[in-house]
Amino acid sequence: MPAWLNQLLPILLLLAAIAVVMRRLPKIDLGHSAEFRRRRFFNWFPLGLTYAFLYMGRYNFSANASALDAMHLVSKQEFGNIDGWGSAVYGVAFLLNGPLTDRWGGRVTILLAAGGSALMNVLMGTAVRFAEEGQLGHDAAITAMTALFAGNMYFQSFGAVSIVKVNAPWFHVRERGMLGGVFGILISLGLYFAYDWSRFIAKLLPMPWVFHVPAMLLLGFAVLDFFLIRDTPGQAGYQDFDTADASSGDTGEQIGPFEVARRMFSQKVIWIIVAIEFCSGFLRNAVMKWYLIFADKTDLKGFVSTHWGVLLCVAGILGGVFAGFISDHVFESRRGPVASVLYAGLVLGAVIVLFTLSLPIAGWTVVFMSLCVIGVHGMLSGTASMDFGGKKNAGIATGIIDGFVYLGTAAQSFLYGSILPSGDAAKNPGNWMPWPVAMLPVALVGFALATRLWNARPQRQAAAH
């Protein structure tokens, strides 16, 4: 069996098992016809795969950070700074891209995300090639990579907003828990593509192809999306329906982005959600972006680091499906209890890593933490943003919430880039203690905030006259 198929097979088997289980779960019957559900599948599935390949075009850089360091192209601290600036751009870009998505629709903006990210990845690959060949000096190469990665993250920021904006009119609130689970699955597949496919590509082909391959995939899906995706059921020839979210009963004109933001931030629940998602952004990338560097520098490579992409994918799939199931079938489509349960897992995980840093169990623990944080992210950025923003304002709502995720990501990038060991000091696992130490208080704050959302539900708007 080929090596790539040997790695992909467990994921395919897991997805097949989940599909069987989900088909046997009690159905939430909202009266959709079989034909409508088929058309809805062909709307969200290519959109979702585009989002997964956007992840590949985003995390391919961090997946190969150690290799770029070994080639003396990008050091650990330079990687932290480049990633930090890119994450900050991603977070701030939502101030513009959220309103643009509400104005233009998710179909247009997912095309912008795919096309723009493809262009930036082509240029990053070209910059790496010039640096390898000596046509670009080290300082110039770092400057170019910083600017291009920031540009990539700007276009990437359209991705999450687009997927939520398109799906909001197609799914009722009672269906969105499992949709949040699917959102987690798509993130997980993207991480698998990034961490295993791109590292596999780097072994077979020159390093620039780590960036060129995602670009080609994104362009292919942009063409597919152009022909298949529609923003609403009405645009696809079906009846639009009341989704029972925050836009329910709001028949007035589309209000401006500042008024939407004012109304959102007048709700205490939104402040809590964005604070939780800041913590989620910090923790998600503290685990995903730094574990491989830790394992490589300390020479603690093992099964977990070798199969990091597969394990992240499996963990994310399980976390997303678990979160979606208990949200819709146990907690009556409330998102707060799910976030509380998963954040308790993050606190436990941070404590275990703190005391087992040099042991194999630390690797398995951070996989478990990935399961928890992907589940939280699917529930809050992928689902609560639809619920509390409503289908009319899903772009701005997602932009605000996901923007805080990447401000948290930027914070951890700059922090870890400066406090984690480098050179010979990085070879000693004990010198990496700041890594879990910084995660623990963030996880505790996230857990405390998540419990405040236990009974939170979206409030419908009164009908406009």
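Above: the structure in question.
Sequence positions are assigned chain by chain, starting from 1 and proceeding in written order. Since the coordinates come from a predicted model, pLDDT governs what is reported: local features require at least 70, and pairs of side-chain atoms require 80 or more to be given and counted, while whole-chain, interface and lining totals use all residues. Side-chain figures throughout are based on the complete set of non-hydrogen atoms in the structure, without hydrogens or water.

**Here's the deal with the overall build of the protein chain**
- Strands are runs of DSSP state E lasting at least two residues, helices are runs of H or I lasting at least four, and both sets are numbered from the N terminus onward. Helices and strands together make up the secondary structure of the protein chain, namely 17 helices and zero strands.
- Exposure categories follow from relative accessible area, calculated using a 1.4 Å probe and restricted to protein chains: below 20% of the type maximum is buried, above 50% is exposed, and the middle band is partly exposed. Looking at the protein chain as a whole, 59% of its 465 residues are labelled buried.
- Taking all contacts inside the protein chain whose residues are at least 6 apart in sequence as the whole, residues at least 24 apart take part in 87%.
- Only carbon and sulfur atoms are counted for the fraction: they give 67% of the accessible area of the protein chain, which is about 18,000 Å². Whether two residues are in contact is decided by their heavy atoms: any pair within 4.5 Å suffices. Using the Shrake-Rupley algorithm and a 1.4 Å probe, accessible areas are obtained, with residue cover drawn only from the displayed protein chains.

**Quick notes on helix 8 (residues 209-228)**
- Compared with an ideal rise of 1.5 Å per residue, which puts 20 residues at 28 Å, helix 8 spans 28 Å between its outermost C-alpha atoms and is within 8% of the ideal.
- Buried within helix 8 we find Val210, Phe211, His212, Val213, Pro214, Ala215, Leu218, Phe221, Ala222 and Asp225. Here a helix's expected span is defined as the number of its residues, less one, multiplied by 1.5 Å.

**Some points on the packing of helix 5 (residues 106-132) against helix 8**
- Note on geometry: axes are lines fitted to C-alpha atoms, helical ones only across the stretch in contact, with angles between N-to-C directions running from 0 to 180 degrees. For the pair helix 5 and helix 8, interaxial distance at closest approach is 8 Å and the crossing angle is 160°. When the axis of helix 5 is compared with that of helix 8, the two are roughly antiparallel. Judged by the sense of rotation from one axis to the other, the crossing of helix 5 with helix 8 is left-handed. Note on element contacts: helix 8 touches helix 5 through Phe211, His212, Ala215, Leu218, Leu219, Ala222, Asp225 and Phe226, opposite Arg107, Ile110, Leu111, Ala114, Ser117, Ala118, Asn121, Val122, Met124, Gly125, Thr126 and Val128.
- For the contact of helix 5 with helix 8, the class distribution of residues is 13 nonpolar, five polar and two charged. Each angle gets one of four labels, with under 35 degrees taken as roughly parallel, over 145 as roughly antiparallel, 65 to 115 as roughly perpendicular, and the rest as oblique. Here a crossing is called left-handed whenever its near helix is offset anticlockwise from the far helix by less than a right angle, and right-handed whenever the offset is clockwise. Under the scheme applied, nonpolar residues are Ala, Val, Leu, Ile, Met, Phe, Trp, Tyr, Cys and Pro; charged residues are Asp, Glu, Lys and Arg; polar residues are all the others, including Gly.

**A short note on the packing of aromatic side chains**
- Only the six-membered ring of Trp is used, alongside the rings of Phe and Tyr, when aromatic pairs are assigned; centres must lie within 6.5 Å, and planes under 30 degrees apart are stacked while those over 60 apart are edge-to-face, with the rest tilted. Scanning all chains against the criterion turns up 32 aromatic pairs.
- Between the aromatic rings of Phe282 and Tyr416, the centroid separation amounts to 5.8 Å while the plane-to-plane angle is 50°, which identifies the pairing as tilted. With Phe282 in helix 10 (residues 268-288) and Tyr416 in helix 16 (residues 394-419), the pair connects residues that are 134 residues apart, well separated along the chain. For the pair Phe282 and Tyr416, one class covers both residues: buried.
- Members of the aromatic cluster, connected to one another through ring pairs, are Phe61, Phe79, Phe149, Phe282, Trp290 and Tyr416.
- The residue whose ring lies beneath Arg58 is Tyr55, and the NZ or CZ to ring-centre distance is 4.3 Å.
- Stacked on the ring of Phe226, the Lys or Arg Arg107 has its end atom at 4.8 Å from the ring centre. Any Lys NZ or Arg CZ that is within 6 Å of a ring centre and within 35 degrees of that ring's normal is treated as a charge sitting over the ring.

**Some words on the side chain of His32**
- The topology assignment puts His32 in the loop between helix 1 (3-24) and helix 2 (34-63).
- In this structure His32 touches Arg37, Arg40, Glu175 and Phe241, once residues within four positions along its chain are discounted.

**Describing unusual backbone geometry**
- With a phi close to 60°, His72 is a non-glycine residue in the positive phi region.
- Topologically, His72 is positioned in the loop between helix 3 (65-70) and helix 4 (76-104).
- Here His72 falls in the exposed class, since its relative accessible area comes to 67%.

**Remarks on the nonpolar core**
- Working definition of a nonpolar core: buried Ala, Val, Leu, Ile, Met, Phe, Trp, Tyr and Cys residues. They are joined through side-chain atoms within 4.5 Å. Tyr195, Trp308 and Trp435 are the most contacted members of the largest nonpolar core, which totals 133 residues.
- A per-element tally of this core places helix 2 first, with 13 residues.
- Discounting chain neighbours no more than four positions away, the residues touching Trp308 are Tyr195, Asp196, Arg199, Val287, Met288, Tyr291, Leu292, Val366 and Val367.

**Description of the pattern of salt bridges**
- When a carboxyl oxygen of Asp or Glu lies within 4 Å of a side-chain nitrogen of Lys or Arg, that pair is called a salt bridge. Applying the stated criterion across every chain, the model contains seven salt bridges.
- Here Asp83 makes a salt bridge to Lys289, at a shortest N to O gap of 2.5 Å. Highlighted residues: Asp83 in helix 4 and Lys289 in the loop between helix 10 and helix 11 (291-297), separated in sequence by 206 residues.
- You can call Asp83 buried: its relative accessible area is 2%.
- Exposure remark for Lys289: the relative accessible area of 5% places this residue in the buried category.

**Things to note about the environment of Met439**
- Structurally, Met439 is set in helix 17 (residues 434-451).
- Residue Met439 is classed as buried on the basis of its relative accessible area, which comes to 0%.
- Sequence-distant contacts of Met439, defined by excluding residues within four places in its chain, comprise Phe282, Leu283, Ala286, Val287, Ala350, Met369 and Tyr416.

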